[in-house]
Amino acid sequence: MNFFNERKAAAVFKHALLGSYLTPFAMKTGSASPNNEVAFIDGYAGAGRYEDGSDGSPALVLSTARSLAPHRKLKAYFVEADSQTLAKLNLLVNDRGNGLDVRTFHGEITDHISQLLTLTTNIPTFTFMDPFGLAVPFETIVSLFKRQTGGRIPISEALINFTAVGLRRIAGHLTSATPSEATLCRMDNVCGGNWWREAWLNSLPDREKAELAVVEGYMHRLSKAAGSGGWTTEVRNKRHHKPVYYLVFLSRHFDGLALYGESQSIALEKWRKHLYEVDNDGTLFSSEEDFKAAEVELKEAWISEIQENLQRLLQEKGAFIVGENYADTFGEALGKARTLHLRKAWKNLHAIGLTQTNSMGDILNKKIERTRN
């Protein structure tokens, strides 16, 4: 099947994540940028939409740019290496990009990175790297976070597809009787060195452990080099399948990481809905109510998890800023639940008199305090 015929579940999640995050990113970062401008770079844009009519990332970005106007000016830069695919992308841009600031570039992202960095000088920029094969070179990503003019480093964030399938294939050369050093060097280029080889080999024979060791090492080194924090998310086409790829998100600001967590929760819900519809397509007894009931059960479990974590942290600390204890607050619900579930958990504690502060307002930056007896 041609890749662009229809979206698989992994792509549904990825595009839901991008669609959920881009608007809050633009609204927040563009509030203080020149002319309220923000930029989006798509390093591997593709045709922009699938043959079944569903939107790819460029179509999503163009729709977002139009919805943001005139409050924010989203400048879109799409890079595509394949000539035929670029022709389809240009048709999309001509169709949906009228009146928007959008440009396409023919070639690899590495061919145009210098120009793109110049075009986005002083503009908050979100970069999406979603190649079909190996991820973009390590140093190219780091360069996105080194944009600087007059001592000021503008806001930079990135979402990167780190291929699990490609990693497994190339790592096979480490134990092959006939390894290809050239192939191994390609992964060195992606990972910023050959450290990943030892990380993989030291974890064998557990290949899942080896894979996670490389992904975690990649995130650690990339976020350190970029001076950022980040998320790593496994992306699957089925719940029981191995990850197809990992999405690596980088941001220097807690607000960006928190907003991304919100978007990830929304995207996961859309992913679960897509899987439910695919699994029950054509069956006689499937019901929308079944999906809703399963979602309620999930969310109740998250609220219970968060509530227990808040109660434990209150016992330990007496009072604390939730955002400064973000991971500990969400616990096992991290990346799955979002602020509305946190607010419900906090509200429950307040209702039974365990906290003297309520759950109103900006709860991530608000202090929760234990009730004094």
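Scoring rules and cut-offs
- Residues numbered from 1 in each chain as written.
- Predicted model: local features only at pLDDT ≥ 70, side-chain atom pairs only at ≥ 80, totals over all residues.
- Heavy atoms only, no water.
- Buried < 20%, exposed > 50% of the residue type's maximum accessible area, 1.4 Å probe, protein only.
- Helix = DSSP H or I, 4+ residues; strand = E, 2+ residues; numbered from the N terminus.
- Contact = heavy atoms within 4.5 Å.
- Polar contact = N/O pair within 3.5 Å; in protein donor to acceptor, adjacent residues only side chain to side chain.
- Salt bridge = Lys/Arg side-chain N within 4 Å of Asp/Glu carboxyl O.
- Pairing = 2+ DSSP bridges.
- Axes fitted to C-alpha atoms, helices over the stretch in contact; angles between N-to-C directions.
- Parallel < 35°, antiparallel > 145°, perpendicular 65-115°, else oblique.
- Left-handed = near helix turned anticlockwise from the far one by under 90°.
- Nonpolar A, V, L, I, M, F, W, Y, C, P; charged D, E, K, R; others polar.
- pLDDT = per-residue confidence, 0-100.
- Core = buried A, V, L, I, M, F, W, Y, C linked by side-chain atoms within 4.5 Å.

(A) Representation of helix H6 (residues 164-171) within the structure. A large share of H6 lies buried, amounting to six of its eight residues. Those residues of H6 that sit buried are Ala164, Gly166, Leu167, Arg168, Ile170 and Ala171. Buried residues belonging to H6 abut strand E5 (156-163), helix H7 (181-191), helix H8 (195-203), helix H9 (207-226) and strand E7 (245-251). One side-chain oxygen of the residue at the start of H6 lies 3.3 Å from the amide nitrogen of Val165, identifying that residue as Thr163.

(B) Here's a closer look at the pattern of salt bridges. For the structure on display, the rule yields 20 salt bridges. Residue Lys14 is joined to Asp130 by a salt bridge in which the shortest nitrogen-to-oxygen separation is 2.8 Å. In this pair, Lys14 is assigned in helix H1 (residues 9-29) and Asp130 in the loop between strand E4 (125-129) and helix H5 (138-144), connecting sequence segments 116 residues apart. When sorted by exposure, Lys14 lands in the same class as Asp130, which is buried. Across the pair Glu295 and Arg272 runs a salt bridge, and its minimum N-O distance is 2.7 Å.

(C) View of the sheet that holds strand E3 (residues 102-106). Spatially, E3-E2-E1-E4-E5-E7-E6 is the arrangement adopted by the seven strands of the open sheet, whose pairing is mixed. In the strand order of this sheet, the two ends are held by E3 and strand E6 (229-235), each with one partner. The sheet shows a mean angle of 15 degrees between the axes of neighbouring strands, taken without regard to direction. Where E6 lies against E7, seven bridges are found, and the strand directions are antiparallel. Residue pairing in the sheet places Val235 in a bridge with Tyr245 of E7. Sheet strands touched by H6: E5 and E7. Its angle to E5, the strand with the most contacts, is close to 50 degrees.

(D) Region of interest: the packing of helix H2 (residues 57-68) against helix H3 (residues 83-96). Here H2 crosses H3 at 20 degrees, and the two axes come no closer than 10 Å. On the basis of their axis angle, the class for H2 and H3 is roughly parallel. Crossing of H2 against H3: the hand is right-handed. Across from Pro58, Ala59, Leu62, Ser63 and Arg66 in H2, the residues of H3 making contact are Leu89, Leu92, Val93 and Arg96. Its residues assigned to classes, the contact of H2 with H3 comprises six nonpolar, one polar and two charged.

(E) Spatial organisation of the side chain of Thr29. One can find Thr29 in helix H1. Not counting the four nearest positions on each side in its chain, Thr29 is found in contact with Val38, Pro124 and Ile155.

(F) Up close: the confidence of the model for the protein chain. Chain-level pLDDT for the protein chain is 91 on average; 95% of the residues reach the 70-or-more range. Of the regions scoring below 50 in pLDDT, residues 1-6 engages in 15 contacts with residues more than four places distant in sequence or in other chains.

(G) A look at the nonpolar core. The biggest cluster of nonpolar side chains holds 61 residues, and the ones touching the most others in it are Phe40, Phe78, Phe126 and Leu310. Among the elements that take part in this core, H1 stands out by supplying 10 residues, more than any other. Listed in part, the 45 residues of the second largest apolar core include Leu134, Ala135, Leu184 and Met219.

(H) View of the environment of Glu157. Relative to the assigned elements, Glu157 resides in strand E5. Once you skip the residues sitting within four places of it in the chain, Glu157 turns out to touch Tyr21, Phe25, Thr125, Phe126, Thr127, Phe145, Phe249, Leu250, Ser251 and Gly256. At a separation of 2.4 Å, a polar atom in the side chain of Glu157 contacts the side chain of Tyr21.

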